[in-house]
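Examination of the molecular architecture
This is what each chain is made of:
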Amino acid sequence: MAGKKTTLAAIAREAHVGIATVDRVINQRATVRPETARRVIAAAHKLGFALEKSHQLFETVGQPAARIKMGFILLRKEHSFYAQLADSLLEQAAPYYDAEHPPQFMFHDISAVSDTAAAITQLSQSVDVIGVLALDNPMIRFAVEEATRQGIKVFTLLSDLSVHSRAGYIGWAVDRLCHRQGDVGVIIGDNRFLCQETCEISFRSYLREHLSGQRVLEPVRSHERAESARQVTQTLLEQHPNLVALYAPCGGVEGIIAALRKSGRQHQVMLICHGPVAGGEMALIDGTLDLMLRHRIAEFAASVISTFVAATGGGSSGFSHTINRFDLITKENL
């Protein structure tokens with residue numbers, strides 16, 4: 001049967017699941033148990049349905065799954081994003097590890113550079129592949145190089161450890177949605193967190209290119225902590241009475257939301273952030289938050305594990321660069 005003619009209903013019948021489950025797996029709309037996802041992908045493959053490359057994680061149904069020793073270094077679990085990411089990575093990794101060798105997770109403060117470097121060295125003694133989220137720092141780069149020399153596959157997650165830039169990433173949102181002239185604040189976790197620095201650069205670049213009347217202030221750091229984010233937001237509000245917008249491509253957005261609500265200016269200052277964020281939906285509904293760039297955590301986790309499997313199984317060679325999708329969320333499309 002040609003892939004184009006294969007319907008979701010036919011796949012559902014073959015896999016003995018509902019059509020909604022097939023839709024979630026094929027279109028990657030939500031998390032599905034790995035066993036169920038593999039059954040759906042197997043049915044789709046049998047019926048000739050054209051699968052996207054991102055489904056390769058489940059295409060070895062019927063064959064023994066590779067057993068991989070994995071390690072992950074993430075930022076502190078107090079930020080809800082990283083707690084959700086850890087849970088999703090563990091779920092997606094389920095078919096690929098033995099009970100005696102589950103994925104190892106280490107969580108560090110963004111500024112704990114020496115601890116992060118030590119964690120990379122420690123994990124390289126017991127795992128096959130490492131996923132690391134960290135600042136761009138010589139100590140961390142050295143630890144990665146040492147691990148690589150030992151044959152360990154090391155992947156950066158969300159933020160690279162080399163120069164990487166994107167143009168026009170988010171700046172359009174303030175220019176088109178915020179019609180008041182005034183000051184625009186930028187809150188980042190740390191300027192050495194390259195993903196956030198490139199967001200800030202792109203943000204400024206877009207506003208400058210389009211001759212926006214807003215004045216973008218120098219970025220302030222939250223260190224990825226909600227309390228720090230609350231404090232720097234409060235300071236921005238006090239020092240800049242003409243503040244009309246905030247862009248926060250960082251963790252700790254919960255603190256920014258709290259500071260805006262306490263100030264009573266939550267409907268005067270536009271807030272754009274990255275997510276998901278604990279309490280983010282309510283902040284969108286009550287108008288404190290205007291726009292969220294919400295990462296698809298389950299899809300991202302599946303992509304990470306798929307890349308790990310390919311790298312350790314000889315399915316890929318050389319440098320791997322994977323871009324994952326996100327959603328633009330406002331209260332109107334919740």
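All of the points below concern the structure found in this document.

When its secondary structure is counted, the protein shows 12 helices and 11 strands. Going through the 334 residues of the protein one by one, you find that 51% of them count as buried. Summarising the internal contacts of the protein: among those between residues at least 6 apart in sequence, 70% fall at separations of at least 24. Counting every atom, the protein has about 16000 Å² of accessible surface; 51% of that belongs to carbon and sulfur.

This part covers the sheet that holds strand β4 (residues 153-156). The sheet built from four strands is open, its strands ordered β2-β1-β3-β4 with parallel pairing. The open sheet is flanked by β2 (104-108) and β4, the only strands paired with a single partner. When strand polarity is set aside, the average angle formed by the axes of neighbouring strands in this sheet is 15°. In this structure, strand β1 (residues 70-75) lies alongside β2, joined through five bridges in parallel fashion. The residue bridging L74 from the neighbouring strand is F107, located in β2. The sheet contacts of helix α5 (residues 113-123) involve β1, β2 and β3 (129-132), and relative to β2 the element is tilted by about 170°.

Bringing the state of the cysteines into the picture now. What the rule picks out here adds up to zero disulfides. Here C250 stays unpaired: no disulfide links it, and the sulfur of C273, its closest cysteine neighbor, is 8.4 Å away. Under the relative-accessibility criterion, C250 is labelled buried at 5%.

Below, the discussion takes up helix α12 (residues 297-312). With 16 residues, α12 ought to run about 22 Å at 1.5 Å a step, and its terminal C-alpha atoms sit 23 Å apart, in line with that. Counting buried positions over the 16 residues of α12 gives 15, a clear majority of the element.

This paragraph deals with the pairing of β1. Within β1, six of the six residues are buried, which leaves it mostly tucked inside the rest of the structure. Note that β1 and β3 share four bridges and pair parallel. Along β3, the bridge assignment pairs M70 with V129. Crossover handedness for the path β1 to helix α4 (residues 80-93) to β2: right-handed.

Next up on the list: empty space enclosed by the protein. Here the structure, examined in full by the defined rule, presents two cavities of 30 Å³ or more. Taken as a whole, the largest cavity holds about 50 Å³ of empty space. Residue lining of the largest cavity: I73, L74, L75, H108, D109, I110, V113, T116, L133, A134, L135 and I140, and that is the complete set. Among the elements of the structure, β1 and α5 are those that each provide at least two residues to the lining of the largest cavity. Of all the elements, β1 adds the most residues to the lining of the largest cavity, at three residues. Here the lining of the largest cavity is composed, by residue class, of nine nonpolar, two polar and one charged. In this model, the second largest cavity occupies a volume close to 40 Å³. Lining the second largest cavity are L75, R76, H79, Y82, H108, D109, I110, H223 and E224. A per-class count over the lining of the second largest cavity returns three nonpolar, three polar and three charged.

What counts, and where the lines are drawn
Residues numbered from 1 in each chain as written. Predicted model: local features only at pLDDT ≥ 70, side-chain atom pairs only at ≥ 80, totals over all residues. Heavy atoms only, no water. Helix = DSSP H or I, 4+ residues; strand = E, 2+ residues; numbered from the N terminus. Buried < 20%, exposed > 50% of the residue type's maximum accessible area, 1.4 Å probe, protein only. Contact = heavy atoms within 4.5 Å. Areas by Shrake-Rupley, 256 points an atom, 1.4 Å probe, with all protein chains shown as cover. Pairing = 2+ DSSP bridges. Axes fitted to C-alpha atoms, helices over the stretch in contact; angles between N-to-C directions. Disulfide = S-S within 2.5 Å. Expected span 1.5 Å × (residues − 1). Right-handed = clockwise from strand over helix to strand, strands pointing away. 1 Å grid on protein atoms, 1.4 Å probe; cavity = no way out; pocket = protein on both sides within 12 Å on 5 of 7 lines; lining within 4 Å. Points joined across faces, edges and corners; volume = space filled by probe spheres on them. Nonpolar A, V, L, I, M, F, W, Y, C, P; charged D, E, K, R; others polar.

Such coordinate-based values are descriptive only and should not be taken to indicate function.
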